[in-house]
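Summary of the model geometry
The residues making up each chain are set out below.
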Amino acid sequence: MSLTFHWFLPTYGDSRYLVGGGHGVATTNTATGSRPATLAYLGQIARSAAQLGFEGALTPTGAWCEDAWLSTAMLAEVTERLKFLVAFRPGLVSPTLGAQMAATFQRHSGQRLLLNVVTGGESAEQRAYGDFLDKDARYARCDEFLHVVRGLWRGERVDFEGAHVHVEGAELARIPDPVPALYFGGSSPAAGTVAAKHADVYLTWGEPPQKVAEKVEWIRALAAEQGRTPRFGIRLHVISRDTSEQAWAEAQRLLDALDPATISRVQEGLGRSESEGQRRMLELHGGSTANLEIYPNLWAGVGLVRGGAGTALVGSHAEVAERIEEYHALGIDEFVLSGHPHLEEAYWFGEGVLPILERKGLWRHPAGAADAAPAGIPFAGGSREPAAAS
């Protein structure tokens, strides 16, 4: 199977420095000259990602960013091939309306919808949206929600009464074709149960390979009990350059721009998170700027100021390709990537790493040879030892 790569749409704004926030923490930006999340700029990123060979683009959800459904629906008009991995929260709309929205998006976008199920975020943020369930109840509701949605997408008339979801005579006039793939992440036992039943692609944040392998085996075993075989993906940032030294210098530049007071404030906020995945991210660095290279070419610096995915692949194009191969050997077939700024980093990765993977037979451009015209990158085929991150 050819590897699949997705990029990211920063609907909270972009910068040449790290943009933090999420998981109940307000957006922070240490840069000057920040880039607002206009449709024009997001369109630039989307069109570039498609041209470079990314299959889709993840769009986040939450109070810290623009609405994912509306933003991507507008961007579908300025792109032709790129798919949109839309993050959405079950429970904020009815399952019947959610299924209908997805069907409409799929039809009018030319079959370019993918869905990232975000079960609940943080309780404080959920309450701002009028949702007062606790974490375990949100997962139980998510299970019921997806049960109804799956039935509707099969063209069934659904009557269902659960602890949280109740519909009578629910059906769609037109079902999506194809049905959008469901991407699902989560590290808690409740998350694993729901992922095993419903996920087409289980997503993990970028932990060291051994930890990722444990997650893959965990979900694979739970899914097998349900008679299912999901695919697996990983969410990472990336800093890829012609040489290892250049990549680590860029990581250091991003780190040097972080205000210690901002790091402390963000870490305090993230420390209150209910997310098991967020707890695992925090453990990788412990709030310290020392020893951030937690595995060869895996840097935890992003997580100092950003909730959610907090690690980046850092190195030469060849080194980044090697780490991708290592994760692929564990069962990871899809990579959801991002970088600061998102426009330029898409080109660094697309022109530097993807050609290496293509030569190895691990990737091919989704549009075929016509759109695949990568620039020649010096040192792309060679590897240097990574400099130690300080």
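Every value quoted in this text rests on a predicted model; they were computed, and no experiment measured them.

Calculation rules
- Residues numbered from 1 in each chain as written.
- Predicted model: local features only at pLDDT ≥ 70, side-chain atom pairs only at ≥ 80, totals over all residues.
- Heavy atoms only, no water.
- Helix = DSSP H or I, 4+ residues; strand = E, 2+ residues; numbered from the N terminus.
- Contact = heavy atoms within 4.5 Å.
- Areas by Shrake-Rupley, 256 points an atom, 1.4 Å probe, with all protein chains shown as cover.
- Lys, Arg positive; Asp, Glu negative; His and termini not counted.
- Charge placed at Lys NZ, Arg CZ, Asp CG, Glu CD.
- Phe/Tyr/Trp six-rings, centres within 6.5 Å; stacked < 30°, edge-to-face > 60°.
- Buried < 20%, exposed > 50% of the residue type's maximum accessible area, 1.4 Å probe, protein only.
- Lys NZ or Arg CZ within 6 Å of the ring centre and 35° of its normal.
- Axes fitted to C-alpha atoms, helices over the stretch in contact; angles between N-to-C directions.
- Parallel < 35°, antiparallel > 145°, perpendicular 65-115°, else oblique.
- Left-handed = near helix turned anticlockwise from the far one by under 90°.
- Core = buried A, V, L, I, M, F, W, Y, C linked by side-chain atoms within 4.5 Å.
- 1 Å grid on protein atoms, 1.4 Å probe; cavity = no way out; pocket = protein on both sides within 12 Å on 5 of 7 lines; lining within 4 Å.
- Points joined across faces, edges and corners; volume = space filled by probe spheres on them.
- Nonpolar A, V, L, I, M, F, W, Y, C, P; charged D, E, K, R; others polar.
- pLDDT = per-residue confidence, 0-100.
- Pairing = 2+ DSSP bridges.
- Right-handed = clockwise from strand over helix to strand, strands pointing away.

Looking now at the overall build of the protein chain. Of the regular secondary structure elements, the protein chain holds 13 helices and 15 strands. Judged by the C-alpha coordinates and their principal axes, the protein chain covers about 60 × 50 × 40 Å. A separation of at least 24 residues holds for 75% of the contacts in the protein chain among residues at least 6 apart in sequence. In the form shown here, the protein chain has an accessible surface area of approximately 15,500 Å², with 51% of it arising from carbon and sulfur atoms. Computing the positive centroid from 35 side-chain charges and the negative centroid from 46, the protein chain places the two 2 Å apart.

The next thing to look at is the packing of aromatic side chains. Evaluated as defined, the whole model comprises 12 aromatic pairs. When the ring of F88 is compared with that of F145, the centres are 6.1 Å apart and the planes differ by 45°; the resulting orientation is tilted. One end of the pair, F88, is in strand β5 (residues 83-88); the other, F145, is in helix α5 (residues 135-153), and 57 residues separate them in sequence. Of the two residues examined, F88 and F145, each falls in the buried class. Put simply, the rings of F5, W7, F54, F335 and F349 touch in pairs and so form one group of aromatic residues. Its guanidinium or amino end placed over the ring of Y17, R253 lies 4.6 Å from that ring's centre, counting from NZ or CZ.

Once that is clear, we can look at the packing of helix α1 (residues 39-52) against helix α2 (residues 68-75). Packing of α1 against α2 leaves a shortest axis separation of 10 Å and a crossing angle of 70°. Looking at the two axes, α1 sits roughly perpendicular to α2. Two packed elements cross with a definite hand, and for α1 against α2 that hand is right-handed. Of α2, the residues touching α1 (which contributes L39, L42 and G43) are S71, M74 and L75.

Counting residues in hydrophobic clusters, the biggest one holds 73 residues, and the most contacted among them are F5, I324 and F349. For this core, the element with the highest residue contribution is α5, accounting for eight residues. The residues contacting I324, other than those within four sequence positions of it, are L3, F5, L313, F335, F349, V353 and L357.

Our next topic: empty space enclosed by the protein. Gaps left between atoms show up when a probe the size of a water molecule is rolled over them. Applying the stated criterion to the full structure yields three cavities of 30 Å³ or more. Of the volumes computed, that of the second largest cavity is approximately 50 Å³. Forming the boundary of the second largest cavity are L18, H237, V238, I239, L254, W299, V302, A312, G339 and H340. The leading source of residues in the lining of the second largest cavity is strand β11 (residues 231-241), at three residues. Looking at side-chain class alone, the lining of the second largest cavity contains seven nonpolar, three polar and no charged residues.

What follows covers the confidence of the model for the protein chain. Looking at the protein chain as a whole, its pLDDT mean stands at 92, while 91% of the residues score no less than 70. Low confidence marks residues 373-390, where pLDDT is under 50. Its contacts with residues over four positions away, or in another chain, come to 46 contacts.

Of the consecutive residues D177 and P178, the connecting peptide bond is found in the cis state with omega at 0°. By the element assignment, P178 lies in the loop between β8 (166-170) and β9 (182-185). With an omega of -10°, the peptide bond running from H340 to P341 counts as cis. Summarising the element assignment, P341 is placed in the loop between β15 (334-338) and α12 (342-352). A positive phi angle is found at Q111, which is not glycine, with a value near 65°. By the secondary structure assignment, Q111 is in the loop between α3 (95-108) and β6 (113-117). For N291, which is not glycine, the phi torsion reads 55° and is therefore positive.

Time to look at the pairing of strand β10 (residues 201-205). With respect to burial, β10 is a largely interior element, four of its five residues being buried. Where β9 lies against β10, three bridges are found, and the strand directions are parallel. Considered in β10, the bridge of F184 is made with Y202. In this view, the connection linking β9 to its parallel neighbour β10 by way of helix α6 (residues 189-198) has right-handed handedness. For β10 and β11, the ladder comprises five bridges, and the chain directions are parallel. Bridge pairing links T204 to I234 in β11.

Along the polypeptide, I175 turns up in the loop between β8 and β9. The partly exposed category is assigned to I175, whose relative accessible area is 38%. If we ignore the near neighbours within four places in the chain, the residues touching I175 are A103, L152, W153 and G155.

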